[in-house]
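Listed below, chain by chain, are the residues.
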Amino acid sequence: MAHENAFSTRDMLSRLGIVAAASIVTGILAHISGFDGNQVVSCAIFIMTIVATLVFWPLRLAIALVGLAALLGCRVLTLPAFIASCQLDIILFLVGMMVTVGVLKDLGLFTWIIQSVLRMPRMTGTRFVVATAVLGGALAAVVDEVTSIVFLAALIFQVCDTLKIRPTPFVIVAVLATNVGSASTMLGNPVGVLIGYKAGFTFWDFIFHAAPVAAIVMAAVVLICLAWFRPEIQEMSVRLQQRRDKDLGLGPLVQVPYGRGIAVLAALLVLIGVHHGIEKLLGLERNTVLIVAPLFFAGLLMLWRHQRARHYIEQEVEWWTLLFFMMLFAVAGTLEHTGVTSRIAGNFAAMSGSRPILLAPLVIGISAAGSAFVDNVVFVAAAIPVIRELQHPYLWWALLFGACFGGNITMIGSTANIVAIGMLEKRYHLHVSFREWIRLGVAVGIVSCLLALAALALMARFLPAAH
């Protein structure tokens, strides 16, 4: 993804040409397909917004705001429809989680986790790769993928600096594992929250149906990486043995108080875990407690650590990203508002006949390919109305796995990828080439999606109904 720098005039014009061409072609195709005027405009502006965010990524929020204004100005989208489409409930859920993660950082939980890995006895290259992969997947599942990769990268940098080896292979493994682990629960990825809330799935639906698939895929990804980076892993093992022979460790170890951090995280997970039971007991709408739990905890934590309350809101909450999500949800919601998604769903239903389950390979393939090049939230936000029309739980899970696993295909496929590459470039001035990443990414992506499809086929009769 492009860095936040100025575009040359020639580069700007060429990118604008791509955006204009994509919008015009989409409008023509929509008109030929028999869409009415509002549907043609909504399709053209939606594609214009998506393509523009892709080619002008540093300006994505500004582009989303312009796209939204265009929809409102063309009277394709109304203010009530905008408010209904911008998913304020999900945005507030993410705000609560970001504040809670900020407090957990202050309480030393993540530092203690890093120290625990450094203390592991008789560490080898293989054990280090497996440990960082499992840790990355677990952290992504219970906090989020960006927090996971930031702390894993710090661990990897410390170990690789001590051993004087190249950190890039180990960072790539950590990113791949983090993206896989983010599909395990509703907490690891905005896509999980969006799908879970819109489909009406509970926290335990993800634990019983998404987590096992993610665990199987994780094992496969680790095996692929162990084979792919075998020389680098062997070099790490040799360096580790040399330090053991000299009775040297992997870095300074300090005692970190971690009890309060574990207590806070455990309490939040328990409340989220029992949300469905509380909702039934109190007669609340489905997933109300799920959305409110992080906000409730964020409020309590800010009262407890009131001296840092403003810091948590201003520094720990990614307002730029959240505002982008809101505008993107509203732009995508226009397709549902104008009936475009109903027509697309009808065409898909006609293709699959009475067995919409046959669409699963198409759903997982499109979402994986799309998520390899554009933020997966874009595709999920646009696809949800279509999946909802098709009314088959199998397709919700296919969308989840395609969007999360597809992020591994390219170096710009997920936020975790971009963050990790940025940290590498900033610390070591190392450049990860597109070719270096995509060779492994394609192999991992294809294997992950095939395993997910096979697992879903086996679980098809046990999948929970969407609400």
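Residues numbered from 1 in each chain as written. Predicted model: local features only at pLDDT ≥ 70, side-chain atom pairs only at ≥ 80, totals over all residues. Heavy atoms only, no water.

Visitor: Teacher, can you tell me more about the overall build of the protein chain here?
Guide: Helices and strands together make up the secondary structure of the protein chain, namely 24 helices and zero strands. Taking 467 residues into account, the globule formula puts the C-alpha radius of gyration at 23 Å, and the protein chain, at 23 Å, falls close to it. Projected onto its principal axes, the C-alpha coordinates of the protein chain cover approximately 75 × 60 × 50 Å. In the protein chain, which comprises 467 residues, the share counted as buried stands at 54%. Only carbon and sulfur atoms are counted for the fraction: they give 67% of the accessible area of the protein chain, which is about 20,200 Å². For the protein chain, the distance from the average position of its 30 positive side-chain charges to the average position of its 23 negative side-chain charges is 6 Å. (Helix = DSSP H or I, 4+ residues; strand = E, 2+ residues; numbered from the N terminus. Rg over C-alpha atoms; globule rule 2.2 N^0.38 Å. Buried < 20%, exposed > 50% of the residue type's maximum accessible area, 1.4 Å probe, protein only. Areas by Shrake-Rupley, 256 points an atom, 1.4 Å probe, with all protein chains shown as cover. Lys, Arg positive; Asp, Glu negative; His and termini not counted. Charge placed at Lys NZ, Arg CZ, Asp CG, Glu CD.)

Visitor: How do you make sense of the state of the cysteines when you look at a structure like this?
Guide: One way to say it: the disulfide is the covalent bond shared by the sulfur atoms of two cysteines. Taken as a whole and judged by the stated rule, the model has zero disulfides. Here Cys-86 is not cross-linked by a disulfide; its sulfur's nearest cysteine counterpart is in Cys-74, at 20 Å. (Disulfide = S-S within 2.5 Å.)

Visitor: Where do I start with helix H8 (residues 145-163) in this structure?
Guide: Structurally, the α-helix is built with 3.6 residues per turn, so residues lying three or four positions apart point the same way. Between its terminal C-alpha atoms H8 stretches 27 Å, which fits the 27 Å expected from 19 residues at 1.5 Å a residue. Two to three positions downstream of the cap, the backbone nitrogen of Val-146 sits 3.0 Å from a side-chain oxygen, assigning the N-cap of H8 to Asp-144. Of the residues trailing H8, Lys-164 is marked for its positive phi of about 60 degrees. (Expected span 1.5 Å × (residues − 1). Polar contact = N/O pair within 3.5 Å; in protein donor to acceptor, adjacent residues only side chain to side chain.)

Visitor: Could you clarify how one ought to interpret the pattern of salt bridges in this entry?
Guide: Side chains that carry opposite charge are capable of pairing whenever their charged atoms lie near each other. Applying the stated rule across the entire model yields nine salt bridges. For the salt bridge of Asp-106 with Arg-305, the shortest nitrogen-to-oxygen distance reads 3.9 Å. Highlighted residues: Asp-106 in helix H5 (residues 88-106) and Arg-305 in the loop between helix H16 (288-304) and helix H17 (309-316), separated in sequence by 199 residues. Note on Asp-106: relative accessible area 31%, which makes it partly exposed. In this structure, Glu-314 and Arg-310 form a salt bridge, with 3.0 Å as the shortest nitrogen-oxygen distance. Remark: Arg-310 and Glu-314 occur in helix H17; sequence separation between them is four residues, near one turn of the helix. By relative accessible area, which is 62% here, Arg-310 ends up exposed. Each of Asp-106, Arg-305 and Arg-308 takes part in a single network of salt bridges with overlapping partners. (Salt bridge = Lys/Arg side-chain N within 4 Å of Asp/Glu carboxyl O.)

Visitor: Would you mind showing me how to read the nonpolar core here?
Guide: For soluble globular proteins, the rule of thumb is that nonpolar side chains tend to be buried together. Membership of the largest hydrophobic core comes to 156 residues, with the highest contact counts inside it found for Leu-155, Phe-170, Met-236, Trp-397, Leu-400, Phe-401 and Phe-405. For Phe-401, the contacting residues outside a window of four places in its chain are Ala-183, His-209, Ala-210, Val-213, Ile-364, Gly-406, Ala-452 and Leu-456. Formed by seven residues, the second largest nonpolar core is a distinct cluster that contains Phe-7, Val-19, Val-51 and Ala-52. (Core = buried A, V, L, I, M, F, W, Y, C linked by side-chain atoms within 4.5 Å. Contact = heavy atoms within 4.5 Å.)

Visitor: It is not clear to me how the packing of aromatic side chains should be interpreted in this structure. Could you clarify?
Guide: Any two aromatic rings considered together are summarised by their centre-to-centre distance and by the angle between their planes. Throughout the structure, instances matching the rule amount to 11 aromatic pairs. Here Phe-324 and Phe-325 contribute two aromatic rings whose centre-to-centre distance is 6.3 Å and whose plane-to-plane angle is 40 degrees, an arrangement assigned as tilted. Of the two residues, Phe-324 and Phe-325, both sit in the buried class. Aromatic side chains Phe-401 and Phe-405 sit 5.5 Å apart centroid to centroid with 15 degrees between the ring planes, which places their arrangement in the stacked category. Taken together, the positions of Phe-401 and Phe-405, both in helix H22 (residues 393-406) and four residues apart, correspond to about one turn of that helix. Of the two residues examined, Phe-401 and Phe-405, each falls in the buried class. An aromatic cluster is present here, built from Phe-201, Phe-206 and Trp-397 joined pairwise through their rings. Seen from the ring of Trp-304, Arg-305 lies directly overhead, with NZ or CZ sitting 5.7 Å from the centre. (Phe/Tyr/Trp six-rings, centres within 6.5 Å; stacked < 30°, edge-to-face > 60°. Lys NZ or Arg CZ within 6 Å of the ring centre and 35° of its normal.)

Visitor: Is there a simple way to explain a nonpolar patch on the surface in this structure?
Guide: On the surface, Ile-24, Val-25, Ile-28, Leu-29 and Ile-32 cluster together to form a nonpolar patch covering roughly 500 Å² of accessible area. Tracing the backbone shows Ile-28 in helix H1 (residues 9-32). (Patch = residues over 30% accessible without salt bridge, like charges linked within 9 Å, V, L, I, M, F, W, Y side chains within 5 Å.)

Visitor: Honestly, the side chain of Asn-417 in this entry has me stumped. Any pointers?
Guide: If you trace the backbone, Asn-417 turns up in helix H23 (residues 415-428). Side chain to side chain, Asn-417 and Asn-179 meet in a polar contact 2.9 Å long. Other than its neighbours up to four places away in sequence, Asn-417 contacts Val-175, Asn-179, Gly-407, Asn-408, Thr-410, Met-411 and Trp-437.

Visitor: Honestly, the environment of Val-159 in this entry has me stumped. Any pointers?
Guide: Counting through the fold element by element, Val-159 comes out in helix H8. Its relative accessible area of 1% is what places Val-159 among the buried residues. Through-space distance from the C-alpha of Val-159 to that of Leu-118 is 8.2 Å; in sequence the pair is 41 residues apart.

Visitor: Even after reading the chapter, I still don't get the packing of H5 against helix H14 (residues 259-273), so can you show me in this structure?
Guide: Two quantities define a packed helix pair, namely the angle between the axes and the distance from one axis to the other. At a minimum axis distance of 9 Å, the contact between H5 and H14 shows a crossing angle of 160 degrees. Between H5 and H14, the crossing angle belongs to the class labelled roughly antiparallel. Seen from H5, the contacting residues are Met-97, Thr-100 and Leu-104; seen from H14, they are Gly-261, Val-264, Leu-265 and Leu-268. Grouping the constituent residues of the contact of H5 with H14 by class yields five nonpolar, two polar and no charged. (Axes fitted to C-alpha atoms, helices over the stretch in contact; angles between N-to-C directions. Parallel < 35°, antiparallel > 145°, perpendicular 65-115°, else oblique. Nonpolar A, V, L, I, M, F, W, Y, C, P; charged D, E, K, R; others polar.)

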